[in-house]
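# Structural characterization, general
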Amino acid sequence: MNTKISLLNFDGTLQKQKLLKVYPGEWIDFSDLGSCQGYCEMPTLKIIEQRLQARKHKGITLIGNGNYHYVTYLLLSEIKQPFSLILFDHHTDLSLNDDLSMISCGSWVSFALKTLPMLQQVVIIGANTSGGGFDERKIPEKVTVISENEVNQSPVATMEKKILSVLKDQPVYISVDKDVLDEENASTNWDQGSMSLRQLLYLIRDLKHTNPILGVDICGELPLSPVDFLSPELVRHVKKNEIANKAIVDILSAS
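My aim in this report is to walk through the structure given alongside it, one point at a time. The residue numbers shown here count from 1 along each chain, following its written sequence. Residues qualify for local features only when their pLDDT is at least 70, as the model is predicted, and side-chain atom pairs are given and counted only at 80 or more; totals for whole chains, interfaces and linings, by contrast, use all residues. Excluded from the side-chain calculations are hydrogens and water; all other atoms, namely the structure's heavy atoms, are used.

## A short note on the sheet that holds strand β10 (residues 213-221)
Going by this rule: Pairing between strands requires that DSSP locate at least two bridges from one strand to the other. Under the scheme used here, helices are H or I runs from DSSP no shorter than 4 residues and strands are E runs no shorter than 2 residues, and both carry numbers assigned from the N terminus. Fitted lines through C-alpha atoms serve as axes, helices being fitted only where they are in contact, and the angles separating the N-to-C directions of these axes extend from 0 to 180 degrees.
Strand order in the open sheet formed by eight strands is β2-β1-β4-β10-β9-β5-β7-β8, with parallel pairing between adjacent strands. Every interior strand has two partners, whereas the edge strands, β2 (25-29) and β8 (143-147), have only one. Looking at each pair of strands side by side, their axes are set apart by 15° on average, direction ignored. Bridging between strand β7 (residues 119-127) and β8 involves five bridges; their strand directions are parallel.

## Description of the side chain of N245
Let me state the cut-off plainly: By the convention used here, residues are in contact when the closest approach between their heavy atoms is within 4.5 Å.
Checked against the element boundaries, N245 lands in helix α7 (residues 232-253). Apart from the residues within four sequence positions on either side, N245 is in contact with L14, Q17, L19, L62, K178, I218 and E221.

## As for the packing of aromatic side chains
Our working definition: Centre distance within 6.5 Å is the pairing criterion for rings of Phe, Tyr and Trp, where only the six-membered ring of Trp is used; planes under 30 degrees apart are then read as stacked, over 60 as edge-to-face, and the remainder as tilted. Using a 1.4 Å probe on the protein chains alone, a residue whose accessible area is under 20% of its type maximum counts as buried, one over 50% counts as exposed, and one in between counts as partly exposed.
According to the stated counting rule, one finds four aromatic pairs in the structure shown. For the pair F10 and F30, a centre-to-centre distance of 4.6 Å together with 10° between the ring planes defines the contact as stacked. One end of the pair, F10, is in the loop between β1 (5-9) and β2; the other, F30, is in the loop between β2 and β3 (39-41), and 20 residues separate them in sequence. For F10, a relative accessible area of 7% gives the class buried. Residue class for F30 comes out buried when judged on its relative accessible area of 0%. With a centroid separation of 4.9 Å and 90° between ring planes, the pair formed by Y73 and F111 is classed as edge-to-face. Placement of the pair is Y73 in helix α2 (residues 71-77) and F111 in helix α3 (residues 108-115), with a sequence separation of 38 residues. Judged by its relative accessible area of 11%, Y73 falls in the buried class.

Rendered as structure tokens:
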């Protein structure tokens, strides 16, 4: 796949990382847009869509803070053939939202299932299903959840077998929210999971060899103010996320 990267600038969370010194790519700026953090109304979403369409590199997109994870919906909408979504996330992002005039970082998967006819299956890996808000009976028919508990208890080969039993040889789009990772490997502003970076990389590597990958995005950066960068500890958190981002891009670009 094309491993040139696009970096989205909503709130500056990616600007302290030196990714474009390592990989060819481009910045796409959204910093002038208001009222789009967490929730986004359709007129603003349309502006985001138009700017995304102008990008040169459509292989790997770094979205930034997980509050903008709904941008994945727009990236999925560009796909014109049947495909499945592989979502690594500590949350299912399946909140029900009957108001189609707005999309959110917690409802975008449900939104995609309702409105994208090319989306055939969704496999969510690493989600916390032990909280009171999760009801297995309400999981849509097209969705398979491999919970955080299953990730902790199962070898990678077992997870791969379950994933492939759902996907067959279907082309896939991969979306990674780094809140699925343990705190040793990422720092985010959401409650985090317990998947190791090594587990994530093994699964992505093996998916490369079994299914065509149509695109990838990564989010889960830690939002920091300019004052925060005076703190060596917080700067270490940014570096930790940069290392994880580079590892994901590298595994995608490896032969």
